[in-house]
Amino acid sequence: PLKKLLPYIDALNIDLKAFNRNFYAWVGGDLDTALRTITLSTQFAHVEVTTLIIPGKNDSEEEMEREAKWLANISPDLPLHISRYFPRYQCETPATEVALIHKLAAIAEKHLRFVHLGNV
């Protein structure tokens, strides 16, 4: 279905929840599907990627390094939005520290030209 829709779409913002399979298992998704969707979509439309950083779940420097390198392999001009998490109903994880968002952005900026911070 995505291949049929993409010729009619000019731009997408795709959530890349994490760059690890354990996180996707936790939220009931599939990393490989997300990565294929990003790869395919960039062939047809402007794509921006957003990753919400949740403490203890997807916040490691190594994971951001892998994610940014993977995205840059598609294009170093692919925009990445790194967003700060805030606790919500039934998820008591504390808010992401602002300093961590800045640190992860600096890592991503080694590989990507357009890194944006959200909720800081």
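Every chain begins its residue count from 1, and numbering advances along the sequence as written. Local features in this predicted model are restricted to residues whose pLDDT is 70 or higher, and side-chain atom pairs enter the listing and the counts only when it is 80 or higher, whereas totals over whole chains, interfaces and linings include all residues. To get the side-chain values, take all heavy atoms of the structure and skip hydrogens and water.

> Account for the overall build of the chain, naming residues and giving values.
Secondary structure elements are defined from DSSP: runs of H or I of at least 4 residues count as helices, runs of E of at least 2 residues count as strands, and each element is numbered from the N terminus. The helix and strand tally for the chain stands at 5 helices and 4 strands. Just to be clear, the radius of gyration here is over C-alpha atoms, and the globule rule we use is 2.2 Å times residues to the power 0.38. Here the chain has a C-alpha radius of gyration of 14 Å; the compact-globule value for 120 residues is 14 Å, and the two agree. Seen through its principal axes, the chain has C-alpha atoms that stretch 40 × 30 × 20 Å. Burial here depends on accessible area, computed with a 1.4 Å probe over protein chains only, as a share of the maximum for the residue type. Under 20% is buried, over 50% is exposed, and the range in between is partly exposed. Every one of the 120 residues in the chain was classed for burial, and the buried ones make up 41%. When the accessible area of the chain is evaluated, it comes to approximately 7,000 Å², of which 53% is carbon and sulfur surface. Residue-level accessible areas treat just the shown protein chains as cover; the underlying method is Shrake-Rupley with a 1.4 Å probe.

> Tell me what's going on with the pattern of salt bridges, and back it up with residues and numbers.
A pair is scored as a salt bridge if a Lys or Arg side-chain nitrogen falls within 4 Å of a carboxyl oxygen belonging to Asp or Glu. In this structure the tally under the stated criterion is 5 salt bridges. With a shortest N-O distance of 3.1 Å, E65 and K110 are connected by a salt bridge. Remark: K110 occurs in the loop between α5 (98-109) and β4 (115-118) and E65 occurs in helix α4 (residues 61-74); sequence separation between them is 45 residues.

> Tell me about unusual backbone geometry, and please be specific about residues and values.
A positive phi is found at N119, a non-glycine position, where the angle reads about 65 degrees. Inspection of the secondary structure puts N119 in the segment after β4. Relative accessible area serves as the criterion here: at 47%, N119 is assigned to the partly exposed category.

> Give a detailed account of the sheet that holds strand β3 (residues 80-84), specifying residues and quantitative values.
Here we have 4 strands laid out as an open sheet, ordered β1-β2-β3-β4, and parallel in their pairing. The sheet is open, and its two edges are formed by β1 (11-15) and β4, each paired on a single side. Pairwise comparison of adjacent strand axes, ignoring direction, gives a mean angle of 25 degrees for this sheet. Note: two strands are recorded as paired if DSSP finds a minimum of 2 bridges between them. Judged from the 4 bridges that link them, β3 and β4 form a sheet pairing that is parallel. Within the sheet, the bridge partner assigned to H81 lies in β4 and is H116. Sitting on the sheet, helix α3 (residues 31-41) is in contact with β1 and β2 (46-53), with an inclination near 160 degrees to β1. Axis lines are fitted to C-alpha atoms, over the contacting stretch for helices. Their N-to-C directions set the angle, which ranges from 0 to 180 degrees. Contacts are assigned to residue pairs with any non-hydrogen atoms lying within 4.5 Å of each other.

> For the pairing of β3, give the residues involved together with the corresponding values.
A regular strand carries its side chains on alternate faces of the sheet. Here β3 lies mainly inside the structure; 4 of its 5 residues are buried. Handedness of a crossover is defined as follows: orient the strands so they point away from the viewer, and if the path from the first strand over the helix to the second runs clockwise, the crossover is right-handed. Note on the crossover from β2 through α4 to β3: the handedness is right-handed.

> Tell me about the nonpolar core, and name the residues and values.
Considering soluble globular proteins, one finds that nonpolar side chains tend to be buried as a cluster. Counting residues in hydrophobic clusters, the biggest one holds 30 residues, and the most contacted among them are L16, V49, M64, L80 and I82. Elements supplying a minimum of two residues to this core: β1, α3, β2, α4, β3 and α5. Here this core takes 6 residues from α5, the largest share from any one element. Filtering out sequence-adjacent residues up to four positions away, I82 remains in contact with T51, I53, M64, I101, L104, A105, A108, V115, H116, L117 and G118. Counting 5 residues, the second-largest nonpolar core is a separate cluster that includes A18, F23, I54 and C91. Buried residues of nine kinds, namely Ala, Val, Leu, Ile, Met, Phe, Trp, Tyr and Cys, make up a nonpolar core once their side-chain atoms join them within 4.5 Å.

> Can you explain the side chain of N20? Please cite residues and give values.
One can find N20 in the loop between β1 and α2 (21-27). Residue class for N20 comes out buried when judged on its relative accessible area of 15%. Polar contact criterion, stated in full: a pair of N or O atoms within 3.5 Å, where within protein one must be able to donate a hydrogen and the other to accept it, and residues adjacent in sequence count only if both atoms are side-chain atoms. In this structure the side chain of N20 is engaged in a polar contact, spanning 3.2 Å, whose partner is the backbone nitrogen of N22. Engagement of the side chain of N20 in a polar contact is seen with the backbone nitrogen of F23, the distance being 2.6 Å.

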